Amino acid sequence: MRLQKLIPLLSTLLLSDAPADESASAAVAAPIQLEPVRVTADLWETPLDRIAASVSVYGPETLEGGAVRHFGDLADQIPNLTYTGGTSRPRYFQIRGVGENSQFEGETPDSTVRFLVDDLDFTGLGTVGSTFDVRQVEVLRGPQAGAFGANAAGGVVRLVTNEPGPVWSGDISAATGEDGLREVGVAAGGPLAKGDSEKLQVRVAAQRSESDGFRRNAFLNADTNARDESMARVKLIWRPCTFWRWDATAFFADADNGFDEFALDNNGRFTFSDEPGRDEQRSRAASLRGVYSGWSGVRLTTVTTAAWTDSTYSYDSDWTSVYTHPDAYKGFAAITRERGTLGQELRLDSVDADDAAGWIDRWTLGAYFSRLDEASAFATDRVRSTRSDYRADNFALFGQAAHDFTVRTRIILGLRAEYVDQQSAVDKDASGTVDFRPAFADTLTGGKLTLEHDLSPRQAVFASAARGYKTGGVSVDANINPTSDPLRFGTETLWNFEAGLRSRWLGDCLLGEVTAFHVERENVQLRGSVGDKDAFRYYTTNGGAARGDGLESALTWRLADAWSVFGTLALLRTERESFTLPNGASAKGRELAATPGYGYTVGLRRRVATGWFGDFVFAGRDRYYESESSDETRAAYVVANASLGHAWREWSLTLWGRNLLDAEYDKRVFFFGNDPVSGYASTRYVSRADPRQFGVSAQYRF
């Protein structure tokens, strides 16, 4: 009933241009003027309409609509990107089926979809993905070996936050809504040096968000799935002289979230756990980027990053209590981790993009080092516990060069060589004695060859071949038998072939892009688990080959100064060879997990500087397999989001709604035995995505 009332209201207000007075009439006619979109996550910063890759960029017109408050709110709209639930916020992502779906005990932190906030690496830690004070979100699909190496075999997600400017500005925002949503954010920035607005600039952003988590624990009569999240960020730009620019960032995030989503009856709204879990993550990070341009024809860039994250992930593994199920086993599991990362990159870039070094028109040379340390402890029923210490060092040399055959045709070659060294020490009973120390080392090579051609000033085509890799690694699962079970898994290689078109028509009113791709994967890495109740064993094994074919496209049609219609379409078909599970059973050949056959978005948007604005977006996905170790699938679904707002002077007020159709669709699927009534027979268990939610946001800009 609420939806039936909302749609006519949206239509009436969005389609009406009748202002309250003449001054409002002039304001309504003024659309928002957006800066040209540039992709920053690639090795070379490039305008979006010229980049030779499959890329999606979401700017203020998408992020400021009100319905997108976290990267997870946007995930359903991104072509060929999927995510796995089972956490309070989405943090495990897959692109074209490449990526991990969890990090339970025994699973290492080597992810293959890199997640960045500016220069800060939060791969596998996407809980920090708030979109407050974020300028744009970039998603690069396919292996990005040249720029990022081992942790970007699937692609890259980057949140680009707002930078300080030469004039003081900022905003204050607040939101409230269903599910007990309460949110407030403040951001401000400007020059600090008197008489020179460019020399020293600062921007500070802070946000606090609370909500009930869309679940109610009926046994404890409490909101045990609630979210309580805080974020603070400081960015500085310092130009001490003509030749140096320094960018520094300090970041803090604290997610004090509950995790209590599963029930034996799969009802989707109520839980019955007597020991509800937690999904807590506290991160501190900093980066320092320096650019020196005092040399003739060459620019030096240094980027130093460091991050520390303490996390707790726990859950009531029996999902019930002795009062409601007296015959059930009693299980509670907790995983605590301390992760530290350090990264250092040095690179030289040609200043000129034309005739930089004879036949080479533009070039880059660089070196990179990173270290990841993670200490984890796992306890079940607060009785038995295990400990592991994991370390990974990466050393890389990389380069990229371009040559212009003509003013319209060019070729780009990027190469990367990377040495990986991993070690793990596993203490099976936390006694202080190490039971086994697996190690893995390998030298990896990858890169990309791209041919670009401008059909006209507004149309460009490209073709590329890229070689990516997922580094092999070691097991840190204390439940394995080191005398008979493999302690290591091998490196996977990926070949990705793409051809695409980017174009603008009708005086830049119609913008479109389409990319077709083919992926070949060898020695494919497959993650999974075996077990029931609270006794599981997690593994990564190498199968044979896998392949995929697909298409990704987007179209935006600006109907008038303030109106636009937009949509995306993604198609994907994959196949894997059969492989042998660690228990000796055979997994049949079929589609890869996390590869929906299709995905689409269709939307209508109105954006103005002053007056009524809003959008209405449908997003749909095909069914797909949940994991490689079972044949359970997530069903196809369609979700609808909308916002309606009014902007005047420095103020804006927005009414928004997510999942307007109240679609019930899955975000995590398990298949194992956990119900004593059925004799612990293997059963499908699901956690559903968030239901319908309405809210209102207010913003004051200064």
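Treat the numbers as computed from the prediction; the structure is a model and nothing was measured. (Residues numbered from 1 in each chain as written. Predicted model: local features only at pLDDT ≥ 70, side-chain atom pairs only at ≥ 80, totals over all residues. Heavy atoms only, no water.)

**Side note on the overall build of the protein**
Going by this rule: Numbering goes from the N terminus for both helices and strands, where a helix is a DSSP run of H or I of at least four residues and a strand is a run of E of at least two. The globule rule used for comparison is 2.2 Å times the number of residues to the exponent 0.38, while the radius of gyration itself is calculated over C-alpha atoms. Type-normalised accessible area, obtained with a 1.4 Å probe on protein chains alone, sets the label of each residue: buried when under 20%, exposed when over 50%, and partly exposed for intermediate values. Whether two residues are in contact is decided by their heavy atoms, any of which lying within 4.5 Å being enough. Here, Shrake-Rupley sampling with a 1.4 Å probe gives the accessible areas, and only protein chains in the shown set may cover a residue. When charges are counted, neither His nor the chain ends are considered; positive counts come from Lys and Arg and negative counts from Asp and Glu. In plain terms, the charge of a residue is placed at NZ if it is Lys, CZ if Arg, CG if Asp and CD if Glu.
Looking only at helices and strands, the protein features five helices and 43 strands. For the protein, whose C-alpha radius of gyration is 25 Å, the value lies close to the compact-globule estimate of 27 Å for 702 residues. Taking all 702 residues of the protein together, 56% fall into the buried category. A fraction of 66% describes how many contacts in the protein between residues 6 or more apart in sequence connect residues 24 or more apart. Accessible surface, the protein: about 28700 Å² in total, of which carbon and sulfur atoms supply 57%. Once the 76 positive and 95 negative side-chain charges of the protein are each reduced to a mean point, those two points are 2 Å apart.

**A closer look at the environment of asparagine 217**
For the record, the criterion: What qualifies as a polar contact is a pair of N or O atoms within 3.5 Å, subject to a donor-acceptor requirement within protein and to the restriction that residues adjacent in sequence count only when both atoms come from side chains.
Among the structural elements, asparagine 217 can be located in strand E13 (residues 216–217). Exposure remark for asparagine 217: the relative accessible area of 0% places this residue in the buried category. Taking the C-alpha atoms as reference points, asparagine 217 and aspartate 260, 43 residues apart in sequence, are found 7.9 Å from one another. For asparagine 217, the side chain forms a polar contact with the main-chain oxygen of serine 273, separated by 2.9 Å.

**With respect to the sheet that holds strand E9 (residues 155–161)**
Worth spelling out the cut-off: Paired strands, in this sense, are two strands between which DSSP finds at least two bridges.
Taken in spatial order, the five strands make up an open sheet running E3-E8-E9-E6-E7, and their pairing is mixed. At either end of the open sheet lies a strand with only one pairing partner, and these are strand E3 (55–58) and strand E7 (120–121). Of the pairings in the sheet, the one linking strand E8 (residues 134–141) to E9 comprises seven bridges and is antiparallel in character. Note that in E9 the partner of valine 134 across the bridge is threonine 161.

**A few points about the packing of aromatic side chains**
Rules: Under the pairing criterion, centres of Phe, Tyr and Trp rings, with the six-membered ring standing for Trp, must be within 6.5 Å; the plane angle then separates stacked pairs below 30 degrees from edge-to-face pairs above 60, leaving the rest tilted.
All told, the structure shown has 30 aromatic pairs when counted by the stated rule. Summarising the aromatic geometry, the rings of phenylalanine 104 and tyrosine 538 are spaced 5.2 Å apart at their centres and angled 20° between planes, so their arrangement reads as stacked. In this pair, phenylalanine 104 sits in the loop between strand E5 (92–95) and strand E6 (113–117) while tyrosine 538 sits in strand E30 (residues 535–542), placing the two residues 434 residues apart along the sequence. The class of tyrosine 538 is buried, set by a relative accessible area of 8%. Residues tyrosine 313 and tyrosine 315 carry aromatic rings whose centres are separated by 5.7 Å and whose planes lie at 55° to one another, so their mutual orientation is tilted. Among the residues examined, tyrosine 313 registers a relative accessible area of 7% and is labelled buried.

**Some words on the pattern of salt bridges**
Going by this rule: Every case where a carboxyl oxygen of Asp or Glu lies within 4 Å of a side-chain nitrogen of Lys or Arg is listed as a salt bridge.
Inspection of the entire model under this criterion finds 64 salt bridges. Among the salt bridges present, the one from arginine 339 reaches glutamate 374, with a minimum N-O distance of 2.8 Å. Placement of the pair is arginine 339 in strand E19 (residues 332–350) and glutamate 374 in strand E20 (residues 362–380), with a sequence separation of 35 residues. Accessibility classification places arginine 339 together with glutamate 374 in one group, the buried group. Close ionic contact of arginine 504 with aspartate 508 constitutes a salt bridge, the shortest N to O distance being 3.6 Å. Classification of aspartate 508 by relative accessible area gives partly exposed; the value is 29%. What you see here is one network of salt bridges that share partners, running through Arg50, Asp404, Arg410, Glu452 and Asp454.

**A look at the pairing of strand E23 (residues 439–456)**
Pairing analysis gives 15 bridges linking strand E22 (residues 409–427) to E23, with the strands arranged antiparallel. Along E23, the bridge assignment pairs tyrosine 419 with threonine 443. Pairing between E23 and strand E24 (residues 459–470): nine bridges, direction antiparallel. Paired with glutamate 452 across the two strands is phenylalanine 462, which belongs to E24. The antiparallel hairpin formed by E23 and E24 contains two residues in its connecting segment.

**Side note on unusual backbone geometry**
For residues other than glycine, phi is negative in most cases, and the peptide bonds are mostly trans. Positive phi, normally seen in glycine, also occurs at aspartate 133, with a value near 60°. With respect to the element layout, aspartate 133 can be found in the loop between E7 and E8. With relative accessibility at 8%, the residue aspartate 133 sits in the buried group. Its identity is not glycine, yet tyrosine 680 carries a phi of approximately 60°, on the positive side.

**Details of the pairing of E9**
A regular strand places its side chains on the two faces of the sheet in alternate fashion. Judged by how many residues are buried, E9 sits mostly within the fold: seven of seven residues are covered. Along E9, one buried face is formed by Gly155, Val157, Leu159 and Thr161 and the opposite face, lined by Val156, Arg158 and Val160, is buried too.

**Things to note about the side chain of aspartate 622**
Within the fold, aspartate 622 resides in the loop between strand E36 (611–621) and strand E37 (624–625). From its side chain, aspartate 622 meets the backbone nitrogen of glycine 597 in a polar contact 3.3 Å long. For aspartate 622, the contacting residues outside a window of four places in its chain are Pro596, Gly597, Tyr598 and Ala636.

**Some words on the environment of leucine 581**
One can find leucine 581 in the loop between strand E33 (579–580) and strand E34 (586–587). Take leucine 581: its relative accessible area is 12%, and that puts it in the buried class. Between the alpha carbons of leucine 581 and leucine 526 there is a distance of 9.5 Å; along the sequence they are 55 residues apart. Once residues lying within four places of it in the same chain are set aside, the contact partners of leucine 581 are Tyr539 and Ala587.

**Quick notes on the nonpolar core**
Where we set the bar: In this description, a nonpolar core means a group of buried Ala, Val, Leu, Ile, Met, Phe, Trp, Tyr and Cys residues linked to one another through side-chain atoms lying within 4.5 Å.
Phe71, Leu81, Phe115, Phe122, Val137, Val157 and Phe251 are the most contacted members of the largest nonpolar core, which totals 31 residues. In contact with valine 137, not counting residues within four places along its chain, are Ser56, Val57, Tyr58, Leu63, Phe71, Leu74, Arg158 and Leu159. Counting residues in hydrophobic clusters, the runner-up holds 20 residues, among them Leu48, Phe148, Ala396 and Ala402.

**What about the side chain of glutamine 422?**
Note on placement: glutamine 422 falls in strand E22. Within polar-contact distance, the side chain of glutamine 422 engages the side chain of tyrosine 390 at 3.1 Å. Setting aside anything within four residues of it in sequence, one finds glutamine 422 in contact with Tyr390, Arg391, Ala392, Pro438, Ala439, Phe440, Thr471, Gly472, Gly473 and Val474.

**Quick notes on a nonpolar patch on the surface**
We apply this condition: Patches in this entry comprise residues that are over 30% relatively accessible and not in a salt bridge; like charges within 9 Å are linked, as are nonpolar side chains (Val, Leu, Ile, Met, Phe, Trp, Tyr) within 5 Å.
On the surface, Trp505, Leu506, Leu555, Trp557, Leu559, Val565 and Leu604 cluster together into a nonpolar patch covering about 640 Å² of accessible area. Along the chain, the position of valine 565 falls in strand E32 (residues 563–576).

**Observations regarding the confidence of the model for the protein**
Condition: Looking at any residue, its pLDDT shows the predictor's confidence there, from 0 to 100.
Per-residue confidence for the protein gives a mean pLDDT of 90, with 94% of residues at or over 70. Low confidence marks residues 1–29, where pLDDT is under 50. Its contacts with residues over four positions away, or in another chain, come to 30 contacts.

**Brief notes about the environment of alanine 52**
Among the structural elements, alanine 52 can be located in the loop between strand E2 (46–47) and E3. In this structure alanine 52 comes out as buried when scored by relative accessible area, which is 10%. Sequence-wise, alanine 52 and valine 426 are 374 residues apart; in three dimensions their C-alpha atoms are separated by 44 Å. The contact partners of alanine 52, leaving out residues within four places of it in the chain, are Lys448, Thr450, Glu452 and Phe462.

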